[in-house]
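Single-letter residue listing:
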Amino acid sequence: MGSSRGTYYSALKRIARVANSPLSLRRTCNSIAKSTARAMQANGCRILSLDSQKEYLITVGTYGLSDLYLKKGPLDARKSLPDILEGKVVFIADATKNERVQYPQIALTQGISSILGVPVLGKGEAIGEIRIYTREPRQFSEADKSFLLSVADICAVIFERAELHHLLEQDYKTNEKRRKLSQASPLPTTLKPVSFAHPSEEDFAKLLDFYCIEWLYEPRSFPLKWEGGKIAEMFTPDFYLPELDLYVELTTLKQNLLTEKNRKLRQLRQLYPEVNIKLLNKNDFLKLLAKYGYGPLGEAKVEGIDRVLYTHAQIQRRVRTLARRISRDYAGQRLVLIGILKGVVCFMSDLMQHLSIPVTLDFMAISYYGGDGQVVKITRDLDSSITGQHVLMVEDIVDTGMTLNYILSHLSAHNPASLRVCTLLDKRARRLINVPLDYVGFEVPDEFVVGYGLDYKGEYRNLPFIGILHPELIKGHNL
Ligand code: IMP
């Protein structure tokens, strides 16, 4: 079986026209999935986009696949046909018997035999995938693959346009907030096209967004009861939080509904013991967040924070990556880590614990004086000599670069064997002096950030995340 060049040519013409239409991302992708599946005489097609953390594949368009198949759970980018994201074309002859398929038993019940998957590449990197499904076992020709790769190229342009739209939208929202016009109706969101069944779910999603916690709304339905080989009862938890590998069902105060939910949850836990699910109300959830290290117990405690920029988990991941690179670069050597008190304490403490080379620590303290507060004075110098030593200056944030520039020339005067800089945050937009940064955690926007050691007037250092301070708080201050 296979389609003719003419069929593929007409389908590509149709797909290009839809791609250039003003339809939403989801409708565009659904239409492309349909045209693609039909042109390839396949039973189903799915267009997937890689999430911002490159951990999960999110369905943005489908055709011909059942709800059960679509809600079988979030696709883990590392478990579900990972070769595709490495840029390869992947062909699975029998999806029910292949260990690269994440949910083979569902493929079996859904009667899916063969899968062809190709990457959607943006600037040479995988940003998503297209998968084609057939019920009959099928071989795909070179023409089939080449057609699907052309569709993937069109999808790449659509994804990048949607991403641009999303960025513009974020920019727009930030500016709106600055102008105190937060009541203005938001632009339609294309990347998370979710309609919530209940307002409390939307509130919950906002809370998750505040904490920068990735979420998927109702991504999976769990069959609970079967009658005559058919599913008679299912349970669909409200949210899945991939970072915590946790399903969340929101509670209601109505006792009869709660009893019913509890019954279903008990059943679910019996049938799927590996699934981590919690029935929560808002307060339970705040407590849970505190336990997972996302923040203090109540929202009131993070008063003054406009939004979370990096969660505890994101910071930890980046710190581990930096530590791995540093350990590799200094393999076989000893290193002196130098920090400036007090902002660097959290970063220094986490970073050094992940270094696999021998290190010693030293700290300096400084104060600022002069008309614009930008003349640096060292109030506490190093305890030990650094002459002939490999030195890594560890910084919390580099802003104008004035402080670091001063400290680096002070340290160079002691003739270390080498002198490099590792900063968690780089506020490049405000740089006045071009200081060399060898290891950078995150490039941050031109906003005042606090938490994870960084303060505003001595406060907020204890927040386990990095957040943006409300612009109102610092209005008129020359920061
Ligand atoms: P620079 O000399 O302008 O690079 O400033 C560096 C110092 O300013 C940092 O070590 C921080 O103490 C402080 N700083 C700059 N930006 C921020 C911020 O956004 N939050 C908290 N402290 C900041």
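Treat the numbers as computed from the prediction; the structure is a model and nothing was measured.

**Some details on the overall build of the protein**
Thinking step 1. Of regular secondary structure, the protein possesses 12 helices and 21 strands.
Thinking step 2. By the burial criterion, 47% of the 479 residues in the protein qualify as buried.

**Some points on the confidence of the model for the protein**
Thinking step 1. The share of residues in the protein with pLDDT of 70 or more is 82%, and the mean pLDDT across the chain is 82.
Thinking step 2. Throughout residues 171-193 the model reports pLDDT below 50, and contacts reaching past four residues in sequence, or to other chains, amount to 25 contacts.

**Some words on the site of the ligand**
Thinking step 1. Residues in contact with the ligand amount to 15 residues; listed here are only the nearest, Asp399, Thr400, Gly401, Thr403 and Val449.
Thinking step 2. Contact between the ligand and Asp396: an oxygen atom at 3.3 Å from a side-chain N or O atom of the residue.
Thinking step 3. At 2.5 Å from an oxygen atom of the ligand is found a side-chain nitrogen or oxygen belonging to Thr400.
Thinking step 4. When residues of the shell around the ligand are traced back to their parent elements, those giving at least two are β17 (390-398) and α12 (402-412).
Thinking step 5. Element by element, the count of residues in the shell around the ligand is highest for β17, at three residues.
Thinking step 6. Taken together, the residues that form the shell around the ligand break down as seven nonpolar, three polar and five charged.

**A closer look at a nonpolar patch on the surface**
Thinking step 1. A grouping of Trp226, Ile231, Met234 and Leu271 is seen on the molecular surface, where their side chains present a nonpolar patch of about 350 Å² in accessible area.
Thinking step 2. Note on placement: Ile231 falls in strand β9 (residues 230-235).
Thinking step 3. Residue classification places Ile231 among the partly exposed residues on the basis of a relative accessible area of 34%.

**Describing the nonpolar core**
Thinking step 1. Core analysis: the biggest nonpolar cluster contains 33 residues, and Ile32, Met40, Ile47, Val120, Ile130, Ile132 and Phe147 have the highest contact counts within it.
Thinking step 2. Contributing elements (two or more residues each) for this core: α1 (5-19), α2 (25-39), β1 (44-50), β5 (114-122), β6 (125-134) and α6 (142-178).
Thinking step 3. With 10 residues, the single largest contributor to this core is α6.
Thinking step 4. Residue contacts for Ile130: discarding those within four places in its chain leaves Cys45, Arg46, Ile47, Leu116, Gly117, Val118, Val120, Leu148, Val151, Ala152 and Cys155.
Thinking step 5. Counting 30 residues, the second-largest nonpolar core is a separate cluster that includes Leu322, Ile357, Leu392 and Phe442.

**Concerning the sheet that holds strand β19 (residues 439-443)**
Thinking step 1. Taken together, six strands build an open sheet; the order of strands is β16-β15-β14-β17-β18-β19 and the sheet is mixed. The sheet terminates laterally at β16 (375-380) and β19, the two strands that pair on one side only. Neighbour-to-neighbour, the strand axes of this sheet turn through a mean angle of 30 degrees, independent of strand direction.
Thinking step 2. Across four bridges, strand β18 (residues 418-426) lies against β19 in parallel orientation. Paired with Thr423 across the two strands is Val440, which belongs to β19.
Thinking step 3. Most of the contacts of helix α10 (residues 312-329) go to β19, to which it runs at about 160 degrees, and overall it touches β14 (335-341), β17, β18 and β19.
Thinking step 4. Sheet strands touched by helix α11 (residues 345-353): β14, β15 (359-369), β17 and β18. Its angle to β14, the strand with the most contacts, is close to 160 degrees.

**So, the packing of aromatic side chains**
We describe a pair of aromatic rings using the distance from one ring centre to the other and the angle between the two ring planes.
Thinking step 1. This model, assessed by the stated rule, comprises 13 aromatic pairs.
Thinking step 2. When the centroid spacing of 4.8 Å and the interplanar angle of 55 degrees are considered together, the rings of Phe204 and Phe239 count as tilted. On the criterion of sequence distance, the pair formed by Phe204 in helix α7 (residues 199-210) and Phe239 in strand β10 (residues 239-241) is long-range, its members being 35 residues apart. Pair check on accessibility: Phe204 and Phe239 agree, each one buried.
Thinking step 3. Linked through ring pairs, Phe196, Phe204, Trp215, Tyr217 and Phe239 together constitute an aromatic cluster.

**What to know about the packing of α1 against α2**
Thinking step 1. At a minimum axis separation of 10 Å, α1 and α2 run at an interaxial angle of 180 degrees. Comparing their axes, α2 and α1 come out roughly antiparallel. Facing α1, whose interface residues are Thr7, Tyr8, Ala11, Arg14, Ile15, Val18 and Ala19, α2 presents Thr28, Ser31, Ile32, Ser35, Thr36 and Ala39.
Thinking step 2. Residues of the contact of α1 with α2, tallied by class, amount to seven nonpolar, five polar and one charged.

**A few points about the sheet that holds strand β3 (residues 75-76)**
Sheet strands line up and pair through hydrogen bonds in the backbone, either parallel or antiparallel.
Thinking step 1. Pairing in this open sheet of six strands is antiparallel, and the strands run β3-β2-β1-β6-β5-β4 from one edge to the other. One side of each edge strand has no neighbouring strand; the edge strands of this open sheet are β3 and β4 (90-92).
Thinking step 2. For strand β2 (residues 56-63) and β3, the ladder comprises two bridges, and the chain directions are antiparallel. Within β3, the position partnered with Tyr56 by the bridge is Asp76.
Thinking step 3. With respect to the sheet, α2 is in contact with β1, β2 and β6, its orientation differing from that of β2 by roughly 65 degrees.

What counts and how
- Residues numbered from 1 in each chain as written.
- Predicted model: local features only at pLDDT ≥ 70, side-chain atom pairs only at ≥ 80, totals over all residues.
- Heavy atoms only, no water.
- Helix = DSSP H or I, 4+ residues; strand = E, 2+ residues; numbered from the N terminus.
- Buried < 20%, exposed > 50% of the residue type's maximum accessible area, 1.4 Å probe, protein only.
- pLDDT = per-residue confidence, 0-100.
- Contact = heavy atoms within 4.5 Å.
- Near = heavy atom within 4 Å.
- Polar contact = N/O pair within 3.5 Å; in protein donor to acceptor, adjacent residues only side chain to side chain.
- Nonpolar A, V, L, I, M, F, W, Y, C, P; charged D, E, K, R; others polar.
- Patch = residues over 30% accessible without salt bridge, like charges linked within 9 Å, V, L, I, M, F, W, Y side chains within 5 Å.
- Areas by Shrake-Rupley, 256 points an atom, 1.4 Å probe, with all protein chains shown as cover.
- Salt bridge = Lys/Arg side-chain N within 4 Å of Asp/Glu carboxyl O.
- Core = buried A, V, L, I, M, F, W, Y, C linked by side-chain atoms within 4.5 Å.
- Pairing = 2+ DSSP bridges.
- Axes fitted to C-alpha atoms, helices over the stretch in contact; angles between N-to-C directions.
- Phe/Tyr/Trp six-rings, centres within 6.5 Å; stacked < 30°, edge-to-face > 60°.
- Parallel < 35°, antiparallel > 145°, perpendicular 65-115°, else oblique.

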